[in-house]
Amino acid sequence: MSDKIKNTNQDNINQEKNSLENNSQAIDEVAEILKKYSIDSDENKSVKLDKLPEKIKRSNQKRTKKAEKAEESVSNKVQKTKILLGIIAALLVAIIILGLIGYNRAKTGKRNNLANRKGTSSSTATDADAEVEYAEGAPKIKMTDKGNNRFIFSWTNSNAAQFIVYKKGYSLLDPDMQSKVGLNEWQEVTRLTCSEPKEKMSFDTGRLDPYQHLSFKIVSVYGEEQFDSEVFEVDTKASTLYATIWTTKETAVFKSADKDEQLGVIPANTTLAVLDETNNRFLVSTDVGEGYIDSSYCLINLPEYLGDICRYDITDSYDSIINIQGYGIPEITGKVIPGYENVLLNDGSFVVPLLYPTAKKMAEAAELALADGYVFKIYDSFRPYISTEYVYDTYKDCVEYLVPEEQFTRITVDDYLNENYANVLSVSDLTKYEPEKASDGDASEEPSYDPNVKTYENLMLGGSYETGAFLDDSASRHNLGVAVDVMLETLQDSTELQAQTGIFDISYRSVQAYNNDNVIKMKGYMESAGFSMISSEWWHFQDNLTTTNLRPETLNEGLTIEGWKMDDVGWSYRLADGSYYVNVTQNINGIDYMFNGDGYLVNQ
């Protein structure tokens, strides 16, 4: 009986040892997995498998003394061992699962961080309740074109503390600016502070100047680290927003852009600021309320509408250069022509009105010229009727006078602003031409008139034309705001191209028959945009189609830029010389308004 028990015990011991060895092998495999994923567990270290067989041997020695209880003892021991190994295996499985979760989370965080550093946004949640993680880096930014040269940048904060907006650029009339050291470097525009992750951020450029090439970027700031966004490039165009306009006739103010219900009527020659443009109507603020007016019958100020794509020199506003073959005309050449008193502003810039449909064609012609490296210089646009009348009537008083010995010398804008004015001839400074009488002394015969004598009339007409070819005795297309007087300059160095005569030489030498290659080039740009050239003045182009379709009305008096002015900041009031009310309470049309140190209206 004893040998049978011994053998039974030995078999049980062998089975337990094999089972433990198998479990030991399984644990070793688990340990290898833990080692692979770099999981260091105290429970794993505490397992001492090599000591377990020794414990079983000592237990067997005790069983030989108590054979009658051996089977029960062995059975209990085996059961306890199985329970212990089950607990150990469960713990190890839990550790493995937690380790794999940590590894995947770390790998996802690394992927997000790399993606954000490249300027894209990426996030992964482990379950529906987990927080979205935002790594450092530049978020993905969207640029939206809002029209009228206004752009909005929008993005979601990627846990940055601050964003810095930078801008650089140059006028399209100065393309070499990009290569000039220090003149086209990034300039800080503004800083945006963030209050929390996932915050929706945006930056509004406001209305940008026309015909600029601009670049924007947004830098994300994380402590001492900064990440640049992609660079956004913008080419601006002509824009009516905030431009100064004038009504050319009594004008209805409508409540909406698409219906004809009226708020009231405003008079001709009212100065306004454009707040928006919809359906060929301008949104404006008037004495009868804020509403819409027909844009087709408005003059618009070209420097505000076109910006720098054209250059301007309205000489009639400081030193008229109307001449005849280089000789000054009494009381015209060198004068400020009546009706032009408020055209030159105190900063040296000009007011240059043109009917809006014609102004759009001027923009097209200017773009064509710029593409070939040329710039239009505009010498005149809208001209009030009193100016046309003055020049014609004044010229008639000198037709029979001999021209002076010297030709006129023009002055600059700076000369005029510094009160160094041009010399102006008077008829009393000249000699009247007296034709010689017949040699036989017959008083009944008319004096012999010599067409070669240098009188104003002879030099103007050349024996082939009439005065009306060069001077209007009634309304001109300039009086309608549909004509411009122009010449081309080179883009690179502002050198004016030479025509067959100087501009405003009102003589037969300026007719189209003498057009040179430079005038022909300019004529091509203007005609492509819808203008027509008249036969007697190489510099004069007019918009005949608009004249026929709209039948615009003549304005008799000169214009003034004085009036309410709007920009991205707010309302201000501009005076006729271009200055603004600043740090003052001013009564305008019976109402007191307060203006701050920057010239903007203070809310009252």
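As a reminder, the structure under discussion sits directly above these lines.
The structure reproduced in this document is the subject of the present report. Since this is a predicted model, take the numbers as computed values, not measurements. (Residues numbered from 1 in each chain as written. Predicted model: local features only at pLDDT ≥ 70, side-chain atom pairs only at ≥ 80, totals over all residues. Heavy atoms only, no water.)

### Some thoughts on the packing of helix α6 (residues 356-371) against helix α11 (residues 517-528)
- Interhelical geometry of α6 versus α11 gives an angle of 135 degrees and a closest axis separation of 8 Å. Relative to α11, the element α6 is oriented oblique. For α6 against α11, the interelement crossing comes out right-handed. Where α6 abuts α11, its residues M362, E364, A365, L368 and A369 lie against Y525, M526 and S528.
- Within the contact of α6 with α11, the residues separate by chemical class into six nonpolar, one polar and one charged. (Axes fitted to C-alpha atoms, helices over the stretch in contact; angles between N-to-C directions. Helix = DSSP H or I, 4+ residues; strand = E, 2+ residues; numbered from the N terminus. Parallel < 35°, antiparallel > 145°, perpendicular 65-115°, else oblique. Left-handed = near helix turned anticlockwise from the far one by under 90°. Contact = heavy atoms within 4.5 Å. Nonpolar A, V, L, I, M, F, W, Y, C, P; charged D, E, K, R; others polar.)

### Brief notes about the pattern of salt bridges
- Throughout the structure, instances matching the rule amount to 18 salt bridges.
- In this structure, D228 engages K217 in a salt bridge whose closest nitrogen and oxygen atoms are separated by 3.2 Å. With a gap of 11 residues between them, D228 in strand β7 (residues 225-228) and K217 in strand β6 (residues 212-222) connect regions that are remote in the sequence.
- The partly exposed category is assigned to D228, whose relative accessible area is 45%.
- Within the structure, one salt-bridge network assembled from shared partners comprises E304, K565 and R574. (Salt bridge = Lys/Arg side-chain N within 4 Å of Asp/Glu carboxyl O. Buried < 20%, exposed > 50% of the residue type's maximum accessible area, 1.4 Å probe, protein only.)

### Here's the deal with the nonpolar core
- One finds L306, M362, F376 and Y395 to be the most contacted residues of the largest nonpolar core, which totals 85 residues.
- Looking at which element gives the most residues to this core, the answer is α6, with eight residues.
- Leaving out residues up to four positions away in the same chain, Y395 has contacts with I324, I329, I332, Y456, E457, M460, T467 and L471. (Core = buried A, V, L, I, M, F, W, Y, C linked by side-chain atoms within 4.5 Å.)

### Quick look at α6
- Here α6 is 16 residues long and its end C-alpha atoms lie 23 Å apart, about the 22 Å a rise of 1.5 Å per residue gives.
- Turning to α6, its buried residues number three or more, namely Y356, P357, T358, A359, K361, M362, A363, A365, A366, A369 and L370.
- Residue G373 follows α6 closely and has a positive phi angle near 90 degrees. (Expected span 1.5 Å × (residues − 1).)

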